[in-house]
Amino acid sequence: QVQLVESGGGLVQAGGSLRLSCAASGRTFSSYTMGWFRQVPGKEREFVSAINWNTDYADSVKGRFTISRDNAKNTVYLQMNSLKPEETAVYYCAAGRFGVPVRDDTLFDYWGQGTQVTVSS
């Protein structure tokens with residue numbers, strides 16, 4: 001079992017930055033692919049980024065978001081720069097055992113409770 005706890009969400013103006021963190025329980029964190037997804041009420045959950053030994057980003061966030069992980073701290077981060085109002089959503093952290101970064105949210109085994117990110121215009 002892996003428990004995930006996100007933090008770092010909040011209210012930011014358009015063009016601003018936020019850094020999300022996801023702390024994971026368990027002793028095998030380094031073996032998991034970690035992903036970030038986001039969801040707006042009434043819409044499907046959307047892939048944002050994923051990391052294992054490689055990284056993957058949705059086209060809409062490339063060049064502005066950076067995913068990283070600290071295996072010693074069992075934590076994955078999402079640095080979000082130049083935020084846009086349309087990126088207002090609940091951001092979720094997820095974990096799964098894959099050999100490559102994965103964009104399909106149905107394949108991830110564990111999910112955090114989410115953290116709200118609100119970008120004002």
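It should be noted that the structure appears before, not after, this text.
Throughout this document, residue positions are counted from 1 along each chain, in the order its sequence is written. Whole-chain, interface and lining totals are the exception, using all residues; otherwise, since this is a predicted model, local features are given only for residues with pLDDT of at least 70 and side-chain atom pairs are given and counted only at 80 or more. Side-chain descriptors were evaluated using all non-hydrogen atoms of the structure, hydrogens and water having been removed beforehand.

## What to know about unusual backbone geometry
The phi angle at Asn-74 is positive, at roughly 55°, despite the residue not being glycine. Burial here depends on accessible area, computed with a 1.4 Å probe over protein chains only, as a share of the maximum for the residue type. Under 20% is buried, over 50% is exposed, and the range in between is partly exposed. For Asn-74, a relative accessible area of 17% corresponds to the buried category. In this model, Ser-82 sits at a positive phi of 50°, which is unusual for a non-glycine residue. The secondary structure listing takes helices from DSSP runs of H or I that are at least 4 residues long and strands from runs of E that are at least 2 residues long, numbered from the N terminus. Secondary-structure assignment places Ser-82 in the loop between strand 8 (75-80) and strand 9 (89-96). Accessibility expressed as a relative area gives 39% for Ser-82, which makes it partly exposed.

## What to know about the sheet that holds strand 7 (residues 65-70)
The strands that make up a sheet pair up through hydrogen bonds in the backbone, lying either parallel or antiparallel. The rule for pairing is simple: two strands pair if DSSP sees at least two bridges between them. Here we have four strands laid out as an open sheet, ordered 1-3-8-7, and antiparallel in their pairing. This sheet does not close on itself; its edge strands, each paired only once, are strand 1 (4-7) and strand 7. Going across the sheet, the axis of each strand differs from the next one's by a mean of 15°, ignoring polarity. Direction of pairing for strand 1 relative to strand 3 (residues 18-24): antiparallel, over a ladder of four bridges. Paired with Glu-6 across the two strands is Cys-22, which belongs to strand 3. Throughout, an axis means a line fitted to C-alpha atoms (over the contacting stretch in the case of helices), and angles, computed between N-to-C directions, take values from 0 to 180 degrees.

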